[in-house]
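# Structural overview
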Amino acid sequence: MFISMKNKFYITTPIYYVNAKPHIGHAYTTIAADVLARFHKIQGDEVFFLTGTDEHGMKIQKKAEEAGKEPQIFVDEISDEFKNLWEKLNIKYDNFIRTTDENHKKAVTKVLQTLFDKGAIYKGEYEGLYCTGCEQFLNESDLVDGKCPDHGTQPEKIKEESYLLKMTEKQKDLISAIEKDEFQIRPEKYKKEILSFLKNQELKDLSISRKNVKWGIPLPFDPEHTAYVWVDALLNYLTGIGWNGTPLSPPLRRGEGKWGWWPADVQLIGKDILRVHATIWPILLMHSEIPFPKELFVHGHILSGGKKMSKTLGNAISIEEMLEKFGVDGTRYLLLSAGTFGDDVDVTMERLIEKYNADLANGLGNLVSRVIKLAENLDYKIESEYNSVQWNKGFMESIWLDKALGRIWENLIQKSNKYIDDNKPWELKKNDENKFKEVMQKLISDLYLISELLIPFMPENSEKIKKALETKKTGILFQRIK
Ligand code: MSP
């Protein structure tokens, strides 16, 4: 019997802290993941797209206290804000995991017990400099003027009885797995960065419990302690597909195979959380005898005017403001085309407006309205000479999202607009009907291809373009902004 098995594609975003409202940086990662999930679906893969919120730990405990709210109520509210924003941005995830979900908590408890029973977790004492912003211990060498470079705050000295996870003994194997791409880290520069970090210092065993943090999952073997928030959070990538924490049981039953959806095909993260994802995460998996994800893809940060966005600097661009000005598809497009996916990208409101007008209002919008208007009384075929899945597959599968967009604009949208200018179909219509039909059919075929290629990036407008081709009617797709 022939059983056709679809390719599976499991993609994750980091789960976001609920200490504050979602912002443009969170949107950047999540839109990218949504685009990839949609692309793989169109390609015929069976897709699972996981996102969610990271809800335990000191940082959130403090914020809830400041707000005068019970932590659970506080996290419920902010978690909902993330969900609402994803709905506005047309993000179609398959599961939204919350680390306060009962299933997640149960599974984490089970994993901790297993690791303790096999000796991967042991009792000791830990001393270090803790940054609550990072929810991480920092090395002296990480600090700038005694402060955390990411948060600008002085870390707190902590010395307490704690449970430790064995890290040192896995260091060699980890280095080798990264070198051999058994645990692949892309783009290459981040792989180099993490390898140089791992080769230049010993990974200390990691404190995975806290006595003074009440808002967390209690350790099953010592309930006075709660689990370190990063251990709790990282396991979401398994519990989010239904894993119950039992060793060697598959994370969610899907078709055949021991591991179901796991290993993830792509785990998208920002560069700020690379170290954790390239040390604690794989080592947790090694101790649990679970395979590594196939790929960790790291993107850069969104900056504004060359600086980190901040309220004090007044350079922050809010995602609401973007949505209001540019609409859903405009926002998705502008974020993903803002720069090389992988590097830091710099955005200012001025440049965003400029790009919106150039690429969307004048570029794509103008092309659609010109073609549809010229095609008003014409009989034509709505098809393309190219296969849209193949056309940009290389860039899409390699996650070069900005390049994929750039190629659509340069090779299709700009070229088509120029093709109209060069051929002047409005004149051909009067003088040379055959040539007119030929020129129009080429334009229509390319516009149809454009609409297909844009589905993952601009789900609404790609649909509108198709409708316009069918009905020969179109409104204005992207209104110019002054
Ligand atoms: N909760 C942890 C992740 C746990 S995953 C097991 C965390 N959360 S976070 O809310 O601080 O944000 C995480 C991610 O948001 C970053 O890794 C990145 O993907 C995205 N971004 C946050 N700020 C960003 C920018 N300014 N620019 C681009 N992305 C950024 O860390």
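Residues numbered from 1 in each chain as written. Predicted model: local features only at pLDDT ≥ 70, side-chain atom pairs only at ≥ 80, totals over all residues. Heavy atoms only, no water.

### A few points about the sheet that holds strand E11 (residues 218-219)
As a general point, the strands of a sheet are linked pairwise by backbone hydrogen bonds and lie either parallel or antiparallel. Judged by pairing direction, the sheet is antiparallel, and its three strands sit side by side in the order E10-E12-E11 without closing on themselves. With partners counted over all chains shown, the strands left at the sheet margins are strand E10 (209-210) and E11, one partner each. Strand direction decides the pairing type here: E10 and strand E12 (residues 222-227), joined by two bridges, are antiparallel. If you follow Arg-210 over to E12, its bridge partner there is Thr-226. (Pairing = 2+ DSSP bridges. Helix = DSSP H or I, 4+ residues; strand = E, 2+ residues; numbered from the N terminus.)

### Description of the packing of helix H12 (residues 349-374) against helix H17 (residues 433-454)
At their nearest, the axes of H12 and H17 sit 10 Å apart, and the two run at 140 degrees to each other. One element, H12, and the other, H17, form an angle in the oblique class. Where H12 crosses over H17, the two elements pack in a sense that is left-handed. Contacts from Leu-364, Leu-367, Val-368, Val-371 and Leu-374 in H12 reach Phe-436, Met-440, Leu-443, Ile-444, Leu-447, Ile-450 and Leu-454 in H17. (Axes fitted to C-alpha atoms, helices over the stretch in contact; angles between N-to-C directions. Parallel < 35°, antiparallel > 145°, perpendicular 65-115°, else oblique. Left-handed = near helix turned anticlockwise from the far one by under 90°. Contact = heavy atoms within 4.5 Å.)

### Comments concerning the site of the ligand
Among the 23 residues in the neighbourhood of the ligand, the closest are listed as Ile-15, Thr-29, Asp-54, Asp-272 and Ile-302. Within the backbone of Gly-25, one N or O atom sits 3.4 Å away from a nitrogen atom of the ligand. One of the side-chain N or O atoms of Thr-29 is found 2.8 Å from an oxygen atom in the ligand. Starting from 670 Å² of accessible surface for the ligand in isolation, the protein chains cover 91%. Listing elements by their share of the shell around the ligand, those giving two or more residues are strand E2 (16-17), helix H1 (24-42), helix H7 (229-234) and helix H8 (236-239). Of the residues assigned to the shell around the ligand, the class counts are 11 nonpolar, 10 polar and two charged. (Near = heavy atom within 4 Å. Polar contact = N/O pair within 3.5 Å; in protein donor to acceptor, adjacent residues only side chain to side chain. Areas by Shrake-Rupley, 256 points an atom, 1.4 Å probe, with all protein chains shown as cover. Nonpolar A, V, L, I, M, F, W, Y, C, P; charged D, E, K, R; others polar.)

### Some thoughts on the packing of aromatic side chains
Taken as a whole and assessed by the stated rule, the structure comprises 21 aromatic pairs. Plain terms: the ring middles of Tyr-10 and Phe-48 are 5.9 Å apart, the flat faces sit at 75 degrees to each other, and that makes the pair edge-to-face. With a gap of 38 residues between them, Tyr-10 in strand E1 (residues 8-12) and Phe-48 in strand E3 (residues 46-54) connect regions that are remote in the sequence. One aromatic cluster in this structure is built from Tyr-10, Phe-48, Tyr-237, Trp-261, Trp-262 and Trp-281. Here the guanidinium or amino end of Lys-403 rests over the ring plane of Trp-400, the centre of that ring lying 4.8 Å away. Geometry around Trp-391 places Arg-407 over its ring, the cationic atom sitting 4.1 Å from the centre. (Phe/Tyr/Trp six-rings, centres within 6.5 Å; stacked < 30°, edge-to-face > 60°. Lys NZ or Arg CZ within 6 Å of the ring centre and 35° of its normal.)

### Here we look at the pairing of strand E7 (residues 156-165)
Two strands pair when backbone bridges link them, and strand E5 (residues 121-131) and E7 are joined in this way by 10 bridges, in the antiparallel orientation. Each bridged residue has a counterpart across the sheet, and for Lys-123 the counterpart in E7 is Tyr-163. Looking at chain direction, E7 and strand E9 (residues 206-207) are connected through two bridges and run antiparallel. Bridged to Leu-165 within E9 is Leu-206.

### Description of the pattern of salt bridges
Oppositely charged side chains can form a pair if their charged atoms are brought close together. Taken as a whole and assessed by the stated rule, the structure comprises 28 salt bridges. Of the charged contacts in the structure, one is a salt bridge between Lys-271 and Asp-344, with a shortest N-O distance of 2.9 Å. Of the two residues, Lys-271 sits in the loop between strand E13 (266-270) and helix H9 (274-278) while Asp-344 sits in the loop between helix H11 (319-336) and strand E17 (345-346), which places them 73 residues apart along the sequence. The salt bridge involving Asp-359 is made with Lys-355; its shortest N-O contact spans 2.8 Å. Here Asp-359 and its partner Lys-355 are both found in helix H12, four residues apart, which amounts to about one turn of the helix. A network of salt bridges, in which partner residues are shared, links Lys-123, Glu-161, Lys-211 and Glu-224. (Salt bridge = Lys/Arg side-chain N within 4 Å of Asp/Glu carboxyl O.)

### A look at the sheet that holds E7
With respect to topology, four strands assemble into an open sheet ordered E6-E5-E7-E9, the strand pairing being antiparallel. The strands lining the two open edges of the sheet, one partner per strand, are strand E6 (136-138) and E9.

### Some words on the environment of Asn-212
Examined against the element boundaries, Asn-212 turns out to sit in the loop between E10 and E11. Its relative accessible area of 36% is what places Asn-212 among the partly exposed residues. Distance in space between the C-alpha atoms of Asn-212 and His-225 is 7.8 Å, their sequence separation being 13 residues. With near-sequence residues (within four places) excluded, Asn-212 lies in contact with Met-58, Gln-61 and Glu-160. (Buried < 20%, exposed > 50% of the residue type's maximum accessible area, 1.4 Å probe, protein only.)

### Quick notes on the side chain of His-26
Position of His-26 relative to the elements: it lies in helix H1. By relative accessible area, which is 15% here, His-26 ends up buried. Once residues lying within four places of it in the same chain are set aside, the contact partners of His-26 are Tyr-16, Lys-21, Phe-82 and Trp-86.

### A look at the nonpolar core
In this structure, Ile-185, Trp-262, Leu-364 and Trp-409 are the most contacted members of the largest nonpolar core, which totals 160 residues. The biggest single contributor to this core is H12, with 12 residues. In terms of nonpolar packing, the next biggest core, distinct from the first, is built from six residues, Cys-131, Leu-138, Leu-143 and Cys-148 among them. (Core = buried A, V, L, I, M, F, W, Y, C linked by side-chain atoms within 4.5 Å.)

### Details of the packing of helix H15 (residues 401-423) against H17
At a closest axis distance of 11 Å, the pairing of H15 and H17 adopts a crossing angle of 160 degrees. Overall, the two elements H15 and H17 adopt an arrangement that is roughly antiparallel. Of the two possible hands of crossing, H15 and H17 adopt the one that is left-handed. On H17, the residues touching Leu-405, Ile-408, Trp-409, Leu-412, Ile-413, Ser-416, Tyr-419, Ile-420 and Asn-423 of H15 are Lys-435, Val-439, Lys-442, Leu-443, Asp-446, Leu-449, Ile-450, Leu-453 and Leu-454. Of the residues assigned to the contact of H15 with H17, the class counts are 13 nonpolar, two polar and three charged.

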